[in-house]
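Close look at the chain arrangement
Spelled out from the first residue to the last, the chains are:
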Amino acid sequence: MKRIILLLMLTPLCAASQAQVNPKIQQLFDKLTELGERTNIIKSGGKHQPTRLQCSVDWYYSKNMYYGPPAHSKDSMLREEWNKLQQQLSIVRHTLDELQEDAAESYHYEYHKGGRDTIVYSMNLCRDTTRQARKHQSENHPFFDSDEFLYFTYRPNQGDSSYFGYLSYVVGLPEPSEEAEKKSLETLTSDVIRLFKQNKIKPRKAIWRHNNEYSDSIWKNNGLGFEFRYKLSDHSLEGITNATIFTIPIEQEQKAWQILHQIDSIALKFTDGNHDYLYRYKYNINFKDPYWLPLLWEPILSCFPLSEAEYYSISVRNDRFGFHFAITQTDGVEWIPSNWPNIKSFDNGKITYFKGMEIQESAKIISPEKDFE
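The notes below deal with the structure included here. (Residues numbered from 1 in each chain as written. Predicted model: local features only at pLDDT ≥ 70, side-chain atom pairs only at ≥ 80, totals over all residues. Heavy atoms only, no water.)

1. Here's the deal with the nonpolar core
This is how it is decided: Among buried residues, those of type Ala, Val, Leu, Ile, Met, Phe, Trp, Tyr and Cys that are joined through side-chain atoms within 4.5 Å constitute a nonpolar core. When a residue's accessible area, from a 1.4 Å probe over protein chains only, is under 20% of the maximum for its type it is buried; when over 50% it is exposed; and in between it is partly exposed.
Judged by nonpolar contacts, the single largest core of 61 residues is most densely connected at Phe152, Ile263 and Phe325. Trp297, Ile343, Tyr353 and Phe354 belong to the second largest nonpolar core, which has 15 residues in total.

Below, the structure is given as C-alpha cells:
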C-alpha cells in the first residue's frame, strides 16, 4: 500500500515535467512540501480554453486553531505553527524577490502596522511578447493572466489575530493534437463502472433534489450541511444530482488505494484528449482521516459539458463504513449533502438513508452496521 501512495504523490511531478515550469518555482514548491505544506495541483482546459497547470498553497494561522489541549500545550503548538509559517513565508519571499528580476512585469506591495503585515506579489512571467498579458484588479492589486503568471497574498483578518496566505502559479501545458482521442463522458463513465464490476463492487444509486424555494431558504443559512459550487445572481439555485456510488469496505484499504490509483489514471488520460466542454482535474487526491472536518467535496475530475449549470464529477471520500467513490451528474446548481455516502435520496429536506447507514439524529453519528444497499 505504501508503494501505491508513493505513486500517487509522484504523479504531480510527472505532470509538471510536461510544462516548462520555472526551476525556481519547482524548487519552491518542493521545499514547501518538505516542510509539510500540501500543494494543490490542477490541470484545466477544454472547450477552446488553454490547457494549464496550476500549483497553489493555502496558509491559515489563528490563535484559536486548537481546541481542547491544556493551555501550556496549546501555547507550544501555536508557537511551533507560527515559526513554521514564518519559515515558509521567508522561503516564499526570497524566491519571489529573485523572480522579480526576470519577470516580464511585476508588482510588489507591503503594508506593516502594529506587527500586522500585508504582503502582495503579482507577476507576469511569460517572456513571449507575441501574446498579450491581461491585467485585472484583485482587492485593489493587479492580477496578471498570461501563459505563465503567479500571485501571492498574505494578510491579516480584520478584527482578530488570524492570518491568511495564498500562493498560485499557473503555466501553460502543451495542447492536445488534432489526432488526440476524443472520449465522451459516457465512455468515461463506462470505463470507471467496468473497473468496479471487475472487482465485484456493486453500485448504489442516489438522487439529491433541491427546488428553488428550498434552496433559497438554506442559502440564507450559508448552506449548512451541504457542499455546492456557486451562486450567480441571475441563476436559479435549484438543482438535481444523480449519483452512482461504489463502496469498498473499511478493512479492504489496500484495494481502495489500488482502485483510486486506477481511476486517477483513467481521469488523467481523459484530459489528454480534445473536448467540447471545460474540465478540471486535480492531482494527488487521496483519502482523508474520516474524523477530519470539514469533509470537503473534492472531485478528482469535474466537467462542465454544456453550460455553467451542468456538471459531471468523479469524487472520493472515506468514513467508518469504508472508501466511497461517486460519479455524479447534475442539472442546475450542484448541492451535495455533506454526508453524501449515506444518503439515498434528498428531496427538499426529506432524507432517505441507505439501509444500515442511518445517522442517529440525537448524536449525529453513523451507525456501525455495514449492511447497506
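2. Quick look at the pattern of salt bridges
Heads up, the rule is: Salt bridges are counted wherever a side-chain nitrogen of Lys or Arg sits within 4 Å of a carboxyl oxygen of Asp or Glu. Helix and strand labels come from DSSP, where a helix needs a run of H or I of at least four residues and a strand needs a run of E of at least two; each type is numbered from the N terminus.
Using the criterion set out here, one finds 10 salt bridges in the structure. Asp276 is paired through a salt bridge with Lys182; the nearest N and O atoms lie 2.9 Å apart. Linking Asp276 in the loop between α6 (253-270) and β12 (278-282) with Lys182 in the loop between β8 (163-172) and α4 (185-198), this pair joins segments that are 94 residues apart in sequence. On the basis of relative accessible area, Asp276 is assigned to the partly exposed category, the value being 46%. Salt bridges here are not isolated pairs; linked through shared partners, they connect Arg52, Arg134 and Asp145.

3. Regarding the pairing of strand β15 (residues 322-332)
We count it as follows: Two strands qualify as a pair provided DSSP detects at least 2 bridges between them.
The element β15 is extensively covered by neighbouring structure, given that nine of its 11 residues are classed as buried. Note: strand β11 (residues 239-249) against β15, 11 bridges, orientation antiparallel. Note that in β15 the partner of Ile240 across the bridge is Asp331. Judged from the 10 bridges that link them, strand β14 (residues 310-319) and β15 form a sheet pairing that is antiparallel. Counted as the bridge partner of Glu310 is Asp331 from β15.

4. Comments concerning the packing of α4 against α6
Worth spelling out the cut-off: Every angle, taken between N-to-C directions, lies between 0 and 180 degrees, and every axis is a line fitted to C-alpha atoms, over only the stretch in contact when it is a helix. Roughly parallel here means an angle under 35 degrees, roughly antiparallel means over 145, roughly perpendicular means 65 to 115, and every remaining angle is called oblique. The crossing is said to be left-handed when, going from far helix to near helix, the turn is anticlockwise and less than a right angle, and right-handed when the turn is clockwise. We call two residues in contact when some of their heavy atoms are within 4.5 Å. Three residue categories are used. Nonpolar comprises Ala, Val, Leu, Ile, Met, Phe, Trp, Tyr, Cys and Pro, charged comprises Asp, Glu, Lys and Arg, and polar comprises the others, including Gly.
With their axes 11 Å apart at the nearest point, α4 and α6 run at an angle of 165° to one another. When the axis of α4 is compared with that of α6, the two are roughly antiparallel. In this structure, α4 meets α6 at a crossing whose hand is right-handed. Residues Leu185, Leu188, Asp191, Val192, Leu195 and Phe196 of α4 touch α6, and the partners they reach there are Ile259, Gln262, Ile263, Ile266 and Phe270. Taken together, the residues that form the contact of α4 with α6 break down as nine nonpolar, one polar and one charged.

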